[in-house]
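# Structure assessment
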Amino acid sequence: NAGVTQTPKFQVLKTGQSMTLQCAQDMNHNSMYWYRQDPGMGLRLIYYSASEGTTDKGEVPNGYNVSRLNKREFSLRLESAAPSQTSVYFCASTGGQPNTEAFFGQGTRLTVV
Amino acid sequence: RKEVEQDPGPFNVPEGATVAFNCTYSNSASQSFFWYRQDCRKEPKLLMSVYSSGNEDGRFTAQLNRASQYISLLIRDSKLSDSATYLCVVRGTGRRALTFGSGTRLQVQP
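Residues numbered from 1 in each chain as written. Chains lettered and ligands numbered in written order. Predicted model: local features only at pLDDT ≥ 70, side-chain atom pairs only at ≥ 80, totals over all residues. Heavy atoms only, no water.

### Section: the environment of A24 of chain A
Residue and element names in this part refer to chain A. Rule in force here: Helix numbers and strand numbers start at the N terminus; a helix is a DSSP run of H or I with at least 4 residues, a strand a run of E with at least 2. Residue contacts follow a heavy-atom distance rule, with two residues in contact if any of their heavy atoms lie within 4.5 Å.
Among the structural elements, A24 can be located in strand β3 (residues 19–25). Considering only alpha carbons, one finds A24 and Q85, 61 residues apart in sequence, at a separation of 22 Å. Setting aside chain neighbours within four positions, we find A24 in contact with G3, V4, T5, R72 and E73.

### So, the state of the cysteines
As a reminder, the rule being used: Any cysteine sulfur atom paired with another within 2.5 Å is treated as part of a disulfide. The buried label applies to any residue whose accessible area, calculated with a 1.4 Å probe on protein chains only, is under 20% of its type's maximum; exposed applies above 50%, and partly exposed to all values in between.
For the coordinates displayed, the defined rule picks out two disulfides over all chains. The disulfide partner of C23 of chain A is C91 of chain A, and the S-S distance across this bridge is 1.8 Å. Taking the torsion about the S-S bond as the criterion, the C23 of chain A to C91 of chain A disulfide, at about -75°, is left-handed. With C23 of chain A in strand β3 and C91 of chain A in strand β9 (residues 87–94), the pair connects residues that are 68 residues apart, well separated along the chain. The two residues C23 of chain A and C91 of chain A agree in class, both being buried. A disulfide bridge connects C23 of chain B with C88 of chain B, and the sulfur atoms are separated by 2.0 Å. Since a negative S-S torsion denotes a left-handed disulfide, the C23 of chain B-C88 of chain B link at about -75° is left-handed. Within this pair, whereas C23 of chain B is found in strand β3 (residues 19–25), its partner C88 of chain B is found in strand β9 (residues 84–91), the two being separated by 65 residues in sequence.

Encoded structure:
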């Protein structure tokens, strides 16, 4: 079972470059999320999508855009990367019931120089 | 105030010890509660859900106190393999996403 697949696993960008992080899940989940994790900190929500066609800002949305392309895919775009966006990015998905487990992708380690 | 607060640790305990982690949450409307485990540089994985009546899974016991907005995790007979960061996670109602605490790091020593 693939679960949640994120690409790429590693990326180095120069300041001002753009890129899109891809995420896909094969569990027919409605909700998908993008988090970032900085050293010594927990996961902070960037954006989430409760269902296909809807997206909402999380705690730290500035500098990011998202697209819920279909039920399977939820992408995160950095239009003009900044060193402050150096982080580990995790995509996650959950089913519709409140007690359902969240499944995570393996993470994308992004460095902006 | 953070929505979910945890003691960051680290907790350094010997093998066989019992260790307890606590977590407080600020949103009284929160519906679901979880403990996740995260190994170094890996993705978080569900350790256990936390139910109102408390629940146990082998050496792990989770408790929820809604009145005090407090969640706990007890690990008995610690193993070296329990060394990890433990994340307290809370889910709200409706479209609200999962909110993570900063995590408590546990190091079990031989």
